[in-house]
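Residue-level listing of the chains:
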Amino acid sequence: MFCYQCQETAKNEGCTMRGVCGKSGETSDLQDLLIYLLKGISIKGEKAEMVDRKAGRFIAEGLFATITNANFDNDRFAELIQQALKIRHAMPMDAAENLHDSVTWTADGMDAFLEKAKSVGVLATENEDIRSLRELVVYGLKGLAAYAEHAAVLDFEDDVLYAFMMEALASTTRDLSVDELVALTMKTGEMGVKTMAILDQANTETYGNPEMTEVNIGAGSKPGILISGHDLKDMEELLEQTQGTGVDVYTHGEMLPANYYPAFKKYDHFHGNYGNAWWKQGEEFTTFNGPILMTTNCIVPVKEAYKDRIYTTNTVGYPGVAHIADRPEDGKKDFSAIVEQAKTCAAPVEIETGTITGGFAHHQVMQLADKVVDAVKSGAIKRFVVMAGCDGRHKTRDYYKDVAETLPKDTVILTAGCAKYRYNKLELGDIGGIPRVLDAGQCNDSYSLAVIAMKLQEVFGLDDINDLPISYDIAWYEQKAVIVLLALLFLGVKGIRLGPTLPAFLSANVVKVLVDNFDIKPIGEVEADVAAMMEGK
Ligand code: FS2
Ligand code: SF4
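Residues numbered from 1 in each chain as written. Chains lettered and ligands numbered in written order. Predicted model: local features only at pLDDT ≥ 70, side-chain atom pairs only at ≥ 80, totals over all residues. Heavy atoms only, no water.

By the naming in an unreviewed UniProt entry, the protein chain is Hydroxylamine reductase, taken from Pontiella sulfatireligans. Checking UniProt for the protein chain, the heading Function (unreviewed entry) contains the comment "Catalyzes the reduction of hydroxylamine to form NH(3) and H(2)O." The record held by UniProt for the protein chain lists under Sequence similarities (unreviewed entry) the comment "Belongs to the HCP family." (UniProt positions renumbered as here; feature names shortened; annotations may be inferred.)

Laid out in structure tokens, this is it:
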């Protein structure tokens, strides 16, 4: 195996024996082969006269399944590989010479899959810079695919996205120059913006605009179900199916922003949020006592303490863990097994009490726009600091908590994603009623931060988005953060600080391209970074 797609990769170089995330070498290899076959499907698909939506959706699901902490189940990957071969086979293509091996290779059975995987992984591209750019595109596509898939679940699909996934994946099989690959990277960012806009539309048209909400973080006296991941449709159906059962519903990790949607707030048995970011699930799932539903990444190696009460669904998988089947066409998922189990469980152990405030997606912030603009004009708000992105296990991520605490009181933190758990329970106060931490939602909602920035640019009549009093101090962990980063670069944002480490998959030359063109920098010491940000550097 060789995998370096996430921030926690071994020695910030690459996982070679077993993933730091717990992924086995075999799982990693099967994921490589699946990606390879998605490239074969893409080569066929990009030549078709019309976008093959079925193939496009399959590509999105396949990419999503390979995101860090989404799926650890070899059997599931073998199934996906078989499906990929079938889909590819059914796609028409003119007979041509020199077809890429990803279009023609075929075999059956785990042994054959694992054998082939050895030669099609990341290291099959020998040139370090080409490899770096190809993987940057592929990881960006994984994030894009995840967002496209979330939108598709809500019936918002755009063939342009599938066509682009095919174009980009197919391009990674060709001998593109560094310049061509840099251009493809930017186009990935552009399509990332488009995808996130579609997802934003899907979420808000289906569930309403997130609104300022105080979320209970304590525990109730009834048994509960804990729902994690990013899938709002699962959230909706779980709330419906638990109504009147005597079972409460709690969110964990990236599902916290479900608490901000009008469509979900109406349920009395929606109790609030339990716990923190994904990496704390080992302890928090143990004390929760009730069943846990993982709707997307991030699942981590499952502990015996809750193995018999954790469930996966969608692209998530873990060996030996019960999986809730997809919803039938025009039907709903069946969560009855989870509900029945919950009734037999004790209530959660209370691990904290109080509330946290969130719900500041673009619509809510725009409702406060006058207040915000006045505060900027009067100098009450000196600067916004975007600290969106991911949380993770590394102690070095305390940096983000320390930055939040060190920033002067006349600054506002804009956030989205699970990075917020480093500072969303601190008492940071407010500025004239505007909370100093404005949480827009999931990493999926990072689009909101771009909308807010563009709106402020318009209000202040600025030509360049970089003239706004906004600094970017982004934390990354997995591939959804990669597409958010590429989207920001496409929008022309410069001077982003990225941490806690720069991605291992960026070669020295690719880092240089990013530094020269976008002034990207690694995080440094807290005091110095805060001082620099306050000077707009
Ligand atoms: Fe948290 Fe980062 Fe959301 Fe992941 S914000 S680790 O990309 O999907 O989650
Ligand atoms: Fe290593 Fe991250 Fe890949 Fe897991 S996803 S194998 S931790 S690089």
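Here the narrative resumes.
(A) Region of the structure containing the overall build of the protein chain. The secondary structure content of the protein chain amounts to 19 helices and 16 strands. In terms of overall dimensions, the protein chain is globule-like: its C-alpha atoms have a radius of gyration of 22 Å, near the 24 Å expected for 537 residues. Here the C-alpha coordinates of the protein chain stretch approximately 70 × 60 × 40 Å along the principal axes. Within the protein chain, counting contacts between residues at least 6 apart in sequence, those at least 24 apart form 75% of the total. Within the structure as shown, the protein chain displays about 20,400 Å² of accessible surface, and the carbon and sulfur contribution to it stands at 49%. (Helix = DSSP H or I, 4+ residues; strand = E, 2+ residues; numbered from the N terminus. Rg over C-alpha atoms; globule rule 2.2 N^0.38 Å. Contact = heavy atoms within 4.5 Å. Areas by Shrake-Rupley, 256 points an atom, 1.4 Å probe, with all protein chains shown as cover.)

(B) Inspection of the site of ligand 2 at higher detail. Close to ligand 2 lie Met1, Cys3, Tyr4, Gln5, Cys6, Thr9, Cys15, Gly19, Val20, Cys21, Lys23 and Thr68. Considered class by class, the residues forming the shell around ligand 2 number 7 nonpolar, 4 polar and 1 charged. (Near = heavy atom within 4 Å. Nonpolar A, V, L, I, M, F, W, Y, C, P; charged D, E, K, R; others polar.)

(C) Representation of the packing of helix α1 (residues 25-47) against helix α7 (residues 159-171). Packing of α1 against α7 brings their axes to within 8 Å, and their N-to-C directions diverge by 115°. The two elements α1 and α7 meet at a crossing, and its hand is left-handed. Along its contact with α1, which presents Leu38, Lys39, Ser42, Ile43, Gly45 and Glu46, the element α7 presents Met165, Met166, Glu167, Leu169 and Ala170. Class assignment of the residues belonging to the contact of α1 with α7 gives a composition of 6 nonpolar, 2 polar and 3 charged. (Axes fitted to C-alpha atoms, helices over the stretch in contact; angles between N-to-C directions. Left-handed = near helix turned anticlockwise from the far one by under 90°.)

(D) Fine view of the UniProt feature "modified residue: Cysteine persulfide" (unreviewed entry) in the protein chain. The feature "modified residue: Cysteine persulfide" (unreviewed entry), as annotated in UniProt, sits at Cys390 in this numbering. Counting through the fold element by element, Cys390 comes out in the loop between β9 (383-386) and α15 (398-406).

(E) A look at the sheet that holds strand β7 (residues 322-324). The strand order across the open sheet built from 6 strands is β4-β3-β2-β5-β6-β7, with neighbouring strands paired in parallel fashion. Edge positions in the sheet fall to β4 (270-273) and β7, since each of these pairs with one other strand and no more. In this sheet, adjacent strand axes meet at a mean angle of 25° when their direction is disregarded. Of the strand pairs in this sheet, strand β2 (residues 224-228) and strand β5 (residues 292-294) are connected by 3 bridges, and their pairing is parallel. Residue pairing across strands places Leu226 opposite Ile292, the latter belonging to β5. This element, helix α11 (residues 281-288), spans β2, β3 (248-251), β5 and β6 (310-313) of the sheet and lies at about 160° to β2. Helix α12 (residues 336-343) rests against β2, β5, β6 and β7 of the sheet, and its axis sits at about 135° to β2. (Pairing = 2+ DSSP bridges.)

(F) Expanded view of the packing of aromatic side chains. In total, this model carries 16 aromatic pairs according to the counting rule given. On the basis of an interplanar angle of 80° and a centroid distance of 5.3 Å, the ring pair of Tyr250 and Phe288 is categorised as edge-to-face. Here Tyr250 is found in strand β3, whereas its partner Phe288 is found in helix α11, with 38 residues between them in sequence. Grouping residues by exposure puts Tyr250 and Phe288 together as buried. Their ring planes at 20° and their centres at 4.5 Å tell us that Trp278 and Tyr477 sit as a pair that is stacked. Of this pair, Trp278 sits in the loop between β4 and α11 while Tyr477 sits in the loop between β14 (470-475) and α17 (479-490), and the two are 199 residues apart along the sequence. (Phe/Tyr/Trp six-rings, centres within 6.5 Å; stacked < 30°, edge-to-face > 60°. Buried < 20%, exposed > 50% of the residue type's maximum accessible area, 1.4 Å probe, protein only.)

(G) The arrangement of the sheet that holds strand β10 (residues 411-415) in detail. What the 6 strands build is an open sheet, ordered β13-β10-β9-β14-β15-β16; its pairing is parallel. Strands with a single pairing partner mark the edges of an open sheet, and in this sheet they are β13 (437-439) and β16 (521-522). Inspection of the sheet shows strand β15 (residues 497-499) paired to β16 by 2 bridges, in the parallel sense. Across the sheet, the residue bridging to Leu498 is Pro522, located in β16.

(H) Region of the structure containing the UniProt feature "binding site: [4Fe-4S] cluster" (unreviewed entry) in the protein chain. Under the present numbering, the feature "binding site: [4Fe-4S] cluster" (unreviewed entry) in UniProt falls on Cys3, Cys6, Cys15 and Cys21. The annotated residues occupy 19 residues of the chain but converge on a single region, no pair of C-alpha atoms lying more than 10.7 Å apart. Locating Cys3 in the fold gives a position in the segment before α1. Other than its neighbours up to four places away in sequence, Cys3 contacts Thr9, Gly14, Cys15, Lys23 and Ser28. Judged by relative accessible area, which is 10%, Cys6 ranks as buried.

(I) Seen up close, α17. The end-to-end C-alpha distance of α17, which contains 12 residues, comes to 17 Å, matching closely the 16 Å that a straight helix rising 1.5 Å per residue would cover. Where burial is concerned, most of α17 is hidden: 11 out of the 12 residues are buried. By the burial criterion, the buried members of α17 are Gln479, Lys480, Ala481, Val482, Ile483, Val484, Leu485, Leu486, Ala487, Leu488 and Leu489. The backbone nitrogen of Lys480 has a side-chain oxygen 2.9 Å away, supplied by the residue at the start of α17, namely Glu478. Two residues or fewer past α17, Gly492 is found with a positive phi of approximately 90°. (Expected span 1.5 Å × (residues − 1). Polar contact = N/O pair within 3.5 Å; in protein donor to acceptor, adjacent residues only side chain to side chain.)

(J) Structural view of the side chain of Ser507. In this structure, Ser507 sits in the loop between β15 and α18 (508-518). Judged by its relative accessible area of 3%, Ser507 is buried. Here Asp129 takes part through its side chain, which lies 2.6 Å from a polar atom of the side chain of Ser507. Leave out the neighbours within four places in its chain, and Ser507 touches Glu128, Asp129 and Ser132.

(K) View of the pattern of salt bridges. Tallied over the entire structure, the rule returns 30 salt bridges. For the salt bridge of Lys118 with Glu115, the shortest nitrogen-to-oxygen distance reads 2.9 Å. Exposure remark for Lys118: the relative accessible area of 61% places this residue in the exposed category. Glu458 is the partner of Lys455 in a salt bridge, and the nearest nitrogen-oxygen pair spans 3.5 Å. One end of the pair is Lys455 and the other is Glu458, both in helix α16 (residues 446-459) and 3 residues apart, which spans about a single turn. (Salt bridge = Lys/Arg side-chain N within 4 Å of Asp/Glu carboxyl O.)

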